[in-house]
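Letter by letter, the chains look like this.
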Amino acid sequence: MKRKKVVLTNEFHETRITLYAQCVKSGLLRLSKNQVYRARHKLCWIADCTCGDALGARGKQELSFETEPQSNGSVLLEIIS
Ligand SMILES: [Zn+2]
């Protein structure tokens, strides 16, 4: 399965994580529930902090995307070109 490297950063906590997202189709990536969990805990570990998005990312990212949380806990990333 094809994967794409995604670096997520949180400018508030000065944290970052590198993940390899699944390529669903052109311009659309998926992070699994487990990857979302890892990202949230690495980027912002404070339970009631509201600094980040669905992934715990905040501020300008290497890759521009919109997050679409899914009911199964995974998150789709729609790449904005
Ligand atoms: Zn936070």
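Now for a quick tour of the structure. Residue positions within a chain follow its written sequence, with the count starting from 1. Per-residue local features of the predicted model are confined to residues with pLDDT of at least 70, and side-chain atom pairs are confined, for both listing and counting, to 80 or more; whole-chain, interface and lining totals are unaffected and use all residues.

1. Some remarks on the overall build of the protein
Part 1: What counts as a helix is a DSSP run of H or I of at least four residues, what counts as a strand is a run of E of at least two, and both are numbered from the N terminus. Looking only at helices and strands, the protein features 1 helix and 5 strands.
Part 2: Taken from the N to the C terminus, the helices and strands of the protein come in the order β-β-β-α-β-β.
Part 3: Throughout, the radius of gyration refers to the C-alpha atoms, and the reference size of a globule is 2.2 Å times the residue count to the power 0.38. On C-alpha atoms alone, the protein measures out to a radius of gyration of 12 Å, which is about the 12 Å that the 2.2 N^0.38 rule sets for 81 residues.
Part 4: Across its three principal directions, the C-alpha atoms of the protein cover 35 × 25 × 15 Å.
Part 5: Remark: C-beta atoms are placed from the backbone, and a residue is labelled buried if 20 or more other C-beta atoms sit within 10 Å of its own, exposed if 12 or fewer do, or partly exposed between those counts. Across the 81 residues that make up the protein, the buried fraction comes to 25%.
Part 6: Within the protein, contacts between residues separated by at least 24 positions form 43% of all contacts whose residues are at least 6 apart in sequence. Note that contacts rest on C-beta atoms placed from the backbone: two residues are in contact if these are within 7 Å.

2. Remarks on the pairing of strand β4 (residues 65-69)
Part 1: The pairing of β4 with strand β5 (residues 75-79) spans 5 bridges and is classified as antiparallel. Considered in β5, the bridge of F65 is made with I79.
Part 2: By definition, two strands form a pair when at least two bridges between them are found by DSSP. Taking the residues between adjacent antiparallel strands as the criterion, β4 and β5 are bridged by 5 residues, where G73 takes a positive phi near 95 degrees.

3. A few points about the sheet that holds strand β2 (residues 15-25)
Part 1: The strand order across the open sheet formed by 5 strands is β1-β2-β3-β5-β4, and the pairing between neighbours is antiparallel. Each end of this open sheet is capped by a strand with a single partner; those strands are β1 (3-10) and β4. Ignoring strand direction, the axes of neighbouring strands in this sheet form an average angle of 35 degrees.
Part 2: Here an axis means a line fitted to C-alpha atoms, over the contact stretch when the element is a helix, while the angle between two N-to-C directions is reported on a 0 to 180 degree scale. Most of the contacts of helix α1 (residues 33-43) go to β2, to which it runs at about 160 degrees, and overall it touches β1, β2, β3 (28-31) and β5.

4. Let's talk about the environment of A47
Part 1: Inspection of the secondary structure puts A47 in the loop between α1 and β4.
Part 2: Separated by 31 residues in sequence, A47 and R16 place their C-alpha atoms 18 Å apart.

5. Some words on α1
Part 1: All buried positions along α1 are accounted for by Q35, V36, A39, R40 and L43. Axial view of α1: buried residues confined to an arc of 135 degrees, hence all on one face. Opposite the packed face of α1, turned more than 90 degrees from it, sit the exposed residues K33, N34 and H41.
Part 2: Elements that come into contact with the buried residues of α1 comprise β1, β2, β3 and β5. Taking the helix axis as origin, the arc is that swept by the directions to the C-beta atoms.

6. Observations concerning unusual backbone geometry
Part 1: Positive phi, normally seen in glycine, also occurs at E14, with a value near 55 degrees.
Part 2: Take E14: it is sitting in the loop between β1 and β2.
Part 3: Judged by C-beta crowding, with 9 C-beta atoms within 10 Å, E14 ranks as exposed.

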